[in-house]
Amino acid sequence: MAGAPLAEQPAGLRAWLLSPEPHSRWQARLGRFYLGWRAFSRNPLAVVGLGIVILLILLAIFADVIAPYSPVAGGDLRTQRLLPPSETFWFGTDDQARDIFSRVVYGSRITLFVVVLVALIATPIGLLVGTVSGYLGGWVDTVLMRITDIFLAFPRLVLALAFVAALGPGIENAIIAIAITSWPPYARIARAETLMIRNSDFIAAVKLQGASTPRIIMGHVVPLCISSLIVRVTLDMAGIILTAAGLGFLGLGAQPPMPEWGAMVATGRNYLIDQWWVAAMPGLAIFVVSLGFNLLGDGLRDVLDPKAAK
Amino acid sequence: MVSAVMNGGGGHGSALRSFLKKVAQFVIVLATTLLGLVAVTFFIGRVVPIDPVIAVVGDRAPAHVYERVRTELGLDRPLIEQFVIYVKKAATGDFGNSVLTTNPVMTDIINVFPATLELATLGTLIGVLIGIPLGVLAAVKRGTLIDQFVRVLGLVGYSVPIFWLGLMGLLLFYAKLGWVAGPGRIDVTYSYLYTPVTGIVLLDTAMQGQWDAFWDAVSHVILPACLLGYFSLAYISRMTRSFMLNELAQEYVIAARVKGLSEMRVIWRHALRNAAVPLVTVIALSYANLLEGSVLTETVFAWPGLGQYITNSLQNADMNAVLGGTLVIGTVFVLLNLVSDLLYRLLDPRTR
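Rules behind the numbers
- Residues numbered from 1 in each chain as written.
- Chains lettered and ligands numbered in written order.
- Predicted model: local features only at pLDDT ≥ 70, side-chain atom pairs only at ≥ 80, totals over all residues.
- Helix = DSSP H or I, 4+ residues; strand = E, 2+ residues; numbered from the N terminus.
- Buried ≥ 20, exposed ≤ 12 C-beta atoms within 10 Å, placed from the backbone.
- Contact = placed C-beta atoms within 7 Å.
- Nonpolar A, V, L, I, M, F, W, Y, C, P; charged D, E, K, R; others polar.
- Core = buried A, V, L, I, M, F, W, Y, C linked by C-beta atoms within 7 Å.
- Axes fitted to C-alpha atoms, helices over the stretch in contact; angles between N-to-C directions.
- Parallel < 35°, antiparallel > 145°, perpendicular 65-115°, else oblique.
- Left-handed = near helix turned anticlockwise from the far one by under 90°.
- pLDDT = per-residue confidence, 0-100.
- Expected span 1.5 Å × (residues − 1).

## Quick notes on the overall build of chain B
Scanning chain B from terminus to terminus reveals 14 helices and zero strands. Mapped in sequence order, the helices and strands of chain B form the string α-α-α-α-α-α-α-α-α-α-α-α-α-α. Expressed as lengths along the three principal axes of its C-alpha atoms, the size of chain B is roughly 85 × 70 × 40 Å. Within chain B, buried positions represent 38% of all 352 residues. Look at the contacts in chain B between residues 6 or more apart in sequence, and 70% of them connect residues 24 or more apart.

Here it is as C-alpha cells:
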C-alpha cells in the first residue's frame, strides 16, 4: 500500500482518502477534507455560495481581461451618457458615460480588498485579546472583557461612522474603522475556546517544561483557536461587505472615481427614476456577493459545527 | 452549595439582601459600560483626529484664533482632566453645540428622536406580527417548501443592502406604481394642519382629528416601515424557528398531544408560550438593530430622524453632533439590552 499512486481509479482514490489507517499526516488531512467536502456538497445552497465567492475572486483577478472598458475613463459624454443596458453596454452607462459592467467588475477588487484586509486586521486583534484574557484570567480577564463589551454595545455601522468621521473619509480609513468594530465577537470566541484549552494536560506538560506564558499562548493556545474563528469570520464577511457598502453609499468609503459598489449606488440615486440601472446594477452585485458569503458560511457551519445545525 | 441552601432558608432578610446585591452588581456593570461608551466617543473626538482644533477652525485660521479655540476646547489641559470634564458634561446631557444648527446637540437629538422611534417601532411591529407566525410555521412544517421559503427569505434579508432595497422600493412603489408617497414624513400642504406635540406624526395627526394629514403620513411611512420590518422579520423568523424546534422536541409537547389537545393548541398555547421567553430578548435586540438600520434608511427616505441627523452632521464635519448621536444610540442599545435582560428574569421563573 505504501506510496499508493494517485492515478488509480476513483474508487481506489476514495478508498485511499477514507482509509482508517492513513500512512501520513498528509493523507489523514486530505481524508478529513474529503469527508467535509462530501457533507458540504450535499447542501446545494452552500455549493452555490461557494460558486459565487469563487466567481468574485476570479472577477477580481482577471478584471483587466473581463472588463471591456476602462472603469475610470468615460466614453463620449454627448452620445454615451446614461445609456440603458444593451449589447455593447451590458449594465448600461452612468452619468460620466462609463460602462457600468466594467465598473462592477473592477469593483470586485475593492470589495475583496476590504474583506481580506478587515479579516487580516480584526482576527489577530480578537485572537490576542481573547486568548490573553482567557488564559490569564483574573483582573486582566475582567478588564479586557469589559472593554470588549463596551465595543459590542455600539451598533457596528454607527461606531464605524464615528471613526471615519474622525479619521476622514477614504477606503483605508473605512477599513480601519470596520476592523475596529469587528474584533469584539472574535475575542469572545477565542476566550471561550481558551477557557476549555487552559486546563488540559498538554498545557500543564508544556508549563512543567518551563515554557513562558507568551510562548504557551502564542505557540499552544492560539493555533487551536484559529479554526473556529475562521468559520465565524466567513459568516461575518457578508456583514463586512454590507458595512463597507453602507459607508461607501454615505460617501465615507472609497472616494471617486474608484468603482466602489456602495458609492456607485449613491451616484445612481440621482438618476433613480429615469435611469434605474445606474443604481440597480452595483446594488445587485453587493446583494449577490453577500448572499454568496452567507450561503457559504451557513454551509461551513453545518459541516464544521454539527451542533449548531438545526 | 451549602451556603446557597442556607441563604435560601434564611427567610426574607437574606432574600432581600441577595436581591439588593444583584441590583448593585447590575448598577455597577451598567455604570462602567456607560462610562466606557463615553470614553470611546471621547477617544474618537479628541485623540483620533490629527488635530481637533483644525477640525473646528479649518487649516487656514490665523494663529490667535487657533490658540483661542484650543483654550476654549480645553485642549491645553492634561488629557485626563479633559476626560473628567467631558464625562461630567455628558452625564448632564451636554454634548456641546452643533456647528450646523447652532443648537445644543441634545436639543437637536430630542427633536429628531421621535421620528426614528416612530419608524423603528412600526418596523419592529411588522417584524413581530409577520416574523413570529412565519417562524412557527417553518418549525412545524420543518423540511417542507414553506420551511425553505422562510429560510431563503431570511437569508436574503441578511444579505441585501438596506439602502439599495429602499431605493428599489421607491422606484417601484412610488415612481412606477404610485402606490405610496415619496421621501419625507408628510406633504408640505398637510404639515401646517397640526401642531407637533409628541413629535410622532401619526399620533399627532390622529389625536387632532386631521385624518387627511394622518393618511398622508401613513402613505409616507409605509415603505420605510415595511423595509425595516423586513429586516426585523428576517432575524425574528429565523430565531423563532430555532426556539420552536427546541420546544417541540420537549416531553411536555408529547404529553399535551397524548392528552388529546388539538395541534393548534399544542403549538400556539403550549410551545410558543415557552419559546416566548427567549423571543423577548430577540425582539429587543432587533429593535436595537433597527436603530442602526435607520441610519441608512433615513438617508434614503429623507426621514428627519436621528440617523439622518448623524449622516448630515458627518457630511458637514460636525463632530459634536456625530459623537452626541453616537453616544445616544449606544446608550439606547445598552438600555434595551438591560430591559430585555430584566424581562427575561421576570418571565422565566427558573431564573429567579
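Continuing now.
## What about the overall build of chain A?
Scanning chain A for helices and strands turns up twelve helices and zero strands. Order of helices (α) and strands (β) in chain A, N terminus to C terminus: α-α-α-α-α-α-α-α-α-α-α-α. For chain A, the C-alpha atoms occupy an extent of roughly 75 × 60 × 35 Å along the three principal directions. When burial is assessed residue by residue, chain A has 43% of its 310 residues classed as buried. Long-range contacts, defined as pairs at least 24 residues apart, comprise 67% of the intrachain contacts of chain A with a sequence gap of at least 6.

## Describing the interface of chain A and chain B
If you look at the interface, chain A gives 38 residues, while chain B gives 42 residues. Listed by contribution, the elements that provide at least two residues to the side of chain A that touches chain B are helix 6 (138-153), helix 7 (156-167), helix 10 (213-249) and helix 12 (277-304) of chain A. Here the residues of the side of chain A that touches chain B are counted per class, giving 29 nonpolar, five polar and four charged.

## Things to note about the nonpolar core
Within the largest apolar cluster, 167 residues are counted, with the highest numbers of intra-cluster contacts made by Leu161, Ala162 and Ile241 of chain A. Top element by residues in this core is helix 10 (residues 211-248) of chain B. It accounts for 18 residues.

## With respect to the packing of helix 6 (residues 105-140) of chain B against helix 14 (residues 319-347) of chain B
Residues and elements named next belong to chain B. Where helix 6 contacts helix 14, the axes come no closer than 10 Å and their chain directions differ by 55°. As summarised for this structure, helix 6 and helix 14 are arranged oblique, according to the angle between their axes. Handedness of the crossing formed by helix 6 with helix 14: right-handed. Of the residues in helix 14, those touching helix 6 at Val105, Met106, Asp108 and Ile109 are Asn320, Ala321, Gly324, Gly325 and Val328. Per-class residue counts for the contact of helix 6 with helix 14 are five nonpolar, three polar and one charged.

## Description of the confidence of the model for chain B
Residues and elements named next belong to chain B. In this model, chain B carries an average pLDDT of 83, and 93% of its residues clear a pLDDT of 70 or more. Scored below 50 in pLDDT, residues 1-10 shows two contacts in the model against residues more than four places distant or in partner chains. Scoring the predicted complex yields pTM 0.85 and, for the interface, ipTM 0.84.

## Some thoughts on unusual backbone geometry
Between proline 256 of chain A and the following residue, proline 257 of chain A, the backbone shows a cis peptide bond with an omega angle of 5°. The phi dihedral of threonine 102 of chain B is positive, around 65°, even though this residue is not glycine. Within the element layout of this structure, threonine 102 of chain B appears in the loop between helix 5 (79-91) and helix 6. When the 8 C-beta atoms within 10 Å are taken as the criterion, threonine 102 of chain B is described as exposed.

## Brief notes about the environment of leucine 290 of chain B
All names here are of chain B. Tracing the backbone through its elements, the reader meets leucine 290 in helix 12 (residues 263-301). Overall, the presence of 25 C-beta atoms within 10 Å leaves leucine 290 in the buried class. Non-local contacts of leucine 290, meaning those with residues more than four positions away in its chain, are made with Ala120, Gly123, Thr124, Leu228 and Ser232.

## Notes on the packing of helix 6 of chain B against helix 7 (residues 145-159) of chain B
All names here are of chain B. Viewed as axis vectors pointing N to C, helix 6 and helix 7 meet at an angle of 135°, and their least axial separation amounts to 8 Å. As the angle between them shows, helix 6 and helix 7 are arranged oblique. The handedness of the crossing between helix 6 and helix 7 comes out as left-handed. On helix 7, the residues that touch Leu134, Gly135, Leu137 and Ala138 of helix 6 are Ile146, Asp147 and Val150. Here the residues of the contact of helix 6 with helix 7 are counted per class, giving five nonpolar, one polar and one charged.

## Things to note about helix 5 (residues 100-136) of chain A
Residue and element names in this part refer to chain A. Here helix 5 spans 53 Å end to end across 37 residues, near enough to the 54 Å set by a 1.5 Å rise per residue. Taking burial as the measure, the 37 residues of helix 5 include 26 buried ones, the bulk of the element. With its phi angle positive at about 65°, glycine 137 sits one or two positions after the end of helix 5.

## Re the environment of leucine 73 of chain B
Residues and elements named next belong to chain B. Along the polypeptide, leucine 73 turns up in the loop between helix 4 (63-72) and helix 5. On the basis of neighbour count, leucine 73 is assigned to the partly exposed category, with 17 C-beta atoms found within 10 Å. Along the backbone, leucine 73 and arginine 46 are 27 residues apart, and their C-alpha atoms lie at a distance of 9.8 Å.

## Details of the confidence of the model for chain A
In the predicted model, chain A carries a mean pLDDT of 85, and 95% of its residues have values of at least 70. Mean pLDDT across the elements of chain A ranges from a minimum in helix 1 (residues 10-17) of chain A, with 74, to a maximum in helix 5 of chain A, with 92.

## What about the environment of isoleucine 100 of chain A?
Residue and element names in this part refer to chain A. Along the chain, isoleucine 100 turns up in helix 5. Accessibility expressed as a C-beta count within 10 Å gives 28 for isoleucine 100, which makes it buried. Taking C-alpha positions, isoleucine 100 is 32 Å from proline 155, a pair spaced 55 residues apart along the chain. Discounting chain neighbours no more than four positions away, the residues touching isoleucine 100 are Phe91, Gly92, Thr93, Asp94, Trp277, Val278 and Met281.

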